Amino acid sequence: MAGERHSTLTLAAFAAPCLPLAAMGLPLVVHLPPFYASELGLGLGAVGFAFLVVRLLDMGFDPIFGGIMDRTHTRSGRFRLWLAIGVPVVLAGTWMLFMPPAEVTLTYLWIGLVIIYVGQSMTVLSHMAWAAVLSPDYDQRSRIYGWWQAANVVGMLLVLLLPAMLERFGGLDRAGGIAVMGWFILILLPLALGISLLKVPEPRITAERDRAGLREYFELFKRASVRRLLIADIIINAGPSVTGALFFFYFLAIKGFGSGDAGFLLFFYFVGAFVGGPLWVRISYRFGKHRTLAMAALAYAAIQMAVWLVPPGQFALGAALMFLAGLPFSAGPFLLRSMMADVADEERLLTRKDRTGLLYAILTGAIKIGSALAVFVTYQGLALFGFDGRQGAENTPQALLALQIAFTVLPATLGVLTAWIIWGYPLTSDRQVEIRRQLDERDLADKASGPSPQPRFAEELHVKPAAAG
């Protein structure tokens with residue numbers, strides 16, 4: 001069944017909030033911890049503990065908000081509403097953390113972190129789930145999430161460039177640079193939200209008011225398709241998390257680059273990610289989502305191993321390989337989210353329950369688990385080999401070899417493992433078309449027989465059922 005093909009302008013408007021939301025995520029990891037630890041004098045241990053504990057608590061926000069969203073029924077939809085509710089929370093947390101007073105306390109930091117992570121969970125989850133209901137079509141969902149991922153990459157590119165530009169042309173210190181990043185989010189996020197809400201509708205789903213809590217959340221893990229997507233998402237996110245955590249260590253200590261050149265290499269990586277998004281969308285039209293994801297994972301593994309061969313100080317070759325390594329980076333996030341939208345259809349067909357919010361809460365939690373485990377395991381492993389990450393530190397050959405393996409072999413192995421896990425994924429294009437056909441027939445029958453408690457897309461009620469294949 002072919003669904004409505006949204007215009008480029010509509011998808012750009014929908015993806016607009018990703019720009020400031022992605023631009024907020026990187027400073028939370030890279031810039032704010034050292035700023036509060038050193039510049040504001042709260043101490044590395046205390047700041048690190050605060051960020052770790054709040055991030056762990058943040059994992060529990062997703063199923064709570066996902067269940068609430070699934071129980072929400074308003075004329076304007078579920079996910080648009082919760083995106084609008086979450087944005088002011090993000091803005092409040094951004095104001096606190098990016099524009100702190102001269103004298104701050106740990107209590108101030110804890111409150112700001114809780115606020116901003118609650119807002120981030122609400123906005124990212126609602127935005128991803130909103131994308132799932134924009135189209136019932138297998139391929140159009142890949143196109144929608146491709147735009148979502150492209151906007152995320154652009155947001156990361158902008159926030160990567162902003163500190164360098166401020167340092168070079170603005171003459172701002174660290175506090176001034178962080179404040180400017182905060183203003184970037186404070187100004188752009190409300191504008192992007194307004195554009196998205198005005199331009200993009202949310203297809204209404206009529207559903208019975210059903211319980212959607214933690215019990216229903218954990219019941220979803222009984223489905224083989226959900227478990228496979230969850231494991232694949234954790235593993236495929238762990239690879240880039242490892243390389244991100246070790247990026248500057250690797251190119252400074254192993255390849256002999258300066259910090260400025262290493263930063264430019266990271267820029268080429270994200271440019272590759274931006275270029276790769278549309279490429280993988282088109283490939284998925286030909287080979288299906290799960291096989292495209294497997295191909296991207298294998299390509300990532302091969303390119304990551306090739307980075308080992310870059311001679312020290314060879315910037316041009318390093319930049320080319322970083323661009324190539326970035327190409328498959330975009331495939332995992334948008335393909336897995338598009339595949340979860342198909343799982344939501346399957347769940348509704350089998351149970352007559354709409355679990356879109358809870359299903360996407362599983363994926364947002366997977367991102368956090370994968371990144372946290374990747375950083376913890378690699379840092380602890382390098383510490384066992386005595387690696388010293390301080391600039392100019394002398395490291396033993398064993399420590400440098402451990403870093404080399406962690407940056408190249410470990411992510412490559414994770415890529416191969418992802419391809420193996422996802423290759424036999426059962427919810428193919430043909431299966432999804434059959435699911436949609438059955439949903440259409442049931443919804444039309446329910447409408448003909450009178451009011452129905454079953455959830456259904458409003459536009460589905462006017463679509464003729466596809467002929468059985």
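To be clear, the structure that these remarks concern was listed above.
Residues numbered from 1 in each chain as written. Predicted model: local features only at pLDDT ≥ 70, side-chain atom pairs only at ≥ 80, totals over all residues. Heavy atoms only, no water.

**Q** Describe in detail the overall build of the protein chain, supporting the description with residues and values.
**A** The number of helices and strands found in the protein chain is 17 helices and zero strands. Every one of the 469 residues in the protein chain was classed for burial, and the buried ones make up 54%. Accessible area of the protein chain: about 19800 Å², with a carbon and sulfur share of 68%. (Helix = DSSP H or I, 4+ residues; strand = E, 2+ residues; numbered from the N terminus. Buried < 20%, exposed > 50% of the residue type's maximum accessible area, 1.4 Å probe, protein only. Areas by Shrake-Rupley, 256 points an atom, 1.4 Å probe, with all protein chains shown as cover.)

**Q** Quick rundown of the nonpolar core? Include the residues and the values.
**A** Grouped together as the largest cluster of nonpolar side chains are 133 residues, with contacts concentrated most on Tyr36, Leu97, Phe98, Leu109, Phe251 and Tyr360. In terms of residue count, the dominant contributor to this core is helix α6 (residues 106-133) (13 residues). Setting aside residues no more than four positions away along its own chain, Leu109 makes contact with Tyr36, Leu42, Val47, Ala50, Phe51 and Leu97. (Core = buried A, V, L, I, M, F, W, Y, C linked by side-chain atoms within 4.5 Å. Contact = heavy atoms within 4.5 Å.)

**Q** Can you explain the layout of surface pockets? Please cite residues and give values.
**A** Space inside the second largest pocket adds up to approximately 300 Å³. As for the second largest pocket, its lining consists of 13 residues, and the residues nearest its centre are Arg143, Trp147, Pro278, Val281 and Tyr285. Mapped by element, the contributors of at least two residues to the lining of the second largest pocket are α7 (138-170) and α11 (259-287). At six residues, α11 tops the list of elements feeding residues into the lining of the second largest pocket. (1 Å grid on protein atoms, 1.4 Å probe; cavity = no way out; pocket = protein on both sides within 12 Å on 5 of 7 lines; lining within 4 Å. Points joined across faces, edges and corners; volume = space filled by probe spheres on them.)

**Q** Explain the pattern of salt bridges to me, using residue names and the numbers behind them.
**A** Pairs can form between side chains of opposite charge once their charged atoms are near each other. Within this structure, the stated rule accounts for ten salt bridges. The salt bridge partner of Arg223 is Glu347, with a shortest N-O separation of 2.3 Å. Within this pair, whereas Arg223 is found in the loop between α9 (214-219) and α10 (224-253), its partner Glu347 is found in helix α14 (residues 331-351), the two being separated by 124 residues in sequence. For Glu347, a relative accessible area of 6% corresponds to the buried category. The salt bridge partner of Asp233 is Arg337, with a shortest N-O separation of 3.2 Å. (Salt bridge = Lys/Arg side-chain N within 4 Å of Asp/Glu carboxyl O.)

**Q** Describe in detail the packing of helix α12 (residues 289-306) against α14, supporting the description with residues and values.
**A** At a minimum axis distance of 10 Å, the contact between α12 and α14 shows a crossing angle of 160°. Taken together, the axes of α12 and α14 are roughly antiparallel relative to one another. Between α12 and α14 lies a crossing whose hand is left-handed. Side by side, α12 and α14 meet where Lys289, His290, Thr292, Leu293 and Ala296 of the first sit next to Ala331, Gly332, Leu335, Leu336, Ser338, Met339 and Asp342 of the second. Here the contact of α12 with α14 is composed, by residue class, of six nonpolar, four polar and two charged. (Axes fitted to C-alpha atoms, helices over the stretch in contact; angles between N-to-C directions. Parallel < 35°, antiparallel > 145°, perpendicular 65-115°, else oblique. Left-handed = near helix turned anticlockwise from the far one by under 90°. Nonpolar A, V, L, I, M, F, W, Y, C, P; charged D, E, K, R; others polar.)

**Q** Before we move on, could you go through the packing of aromatic side chains and cite the residues and values that matter?
**A** Throughout the structure, instances matching the rule amount to 21 aromatic pairs. Plain terms: the ring middles of Tyr145 and Trp148 are 6.1 Å apart, the flat faces sit at 80° to each other, and that makes the pair edge-to-face. Of this pair, Tyr145 and Trp148 both sit in helix α7, three residues apart, which is roughly one turn of that helix. Aromatic side chains Tyr250 and Phe251 sit 5.2 Å apart centroid to centroid with 90° between the ring planes, which places their arrangement in the edge-to-face category. Phe251 carries the same exposure label as Tyr250, and that label is buried. An aromatic cluster of three or more residues is present, and its members are Phe247, Tyr250, Phe251, Phe257, Phe267, Phe268, Phe315 and Phe407. In this structure, Arg286 packs its charged tip against the face of Phe287, placed 5.0 Å from the ring centre. The ring of Trp423 has Arg291 lying over it, and the distance from NZ or CZ to the ring centre is 5.3 Å. (Phe/Tyr/Trp six-rings, centres within 6.5 Å; stacked < 30°, edge-to-face > 60°. Lys NZ or Arg CZ within 6 Å of the ring centre and 35° of its normal.)

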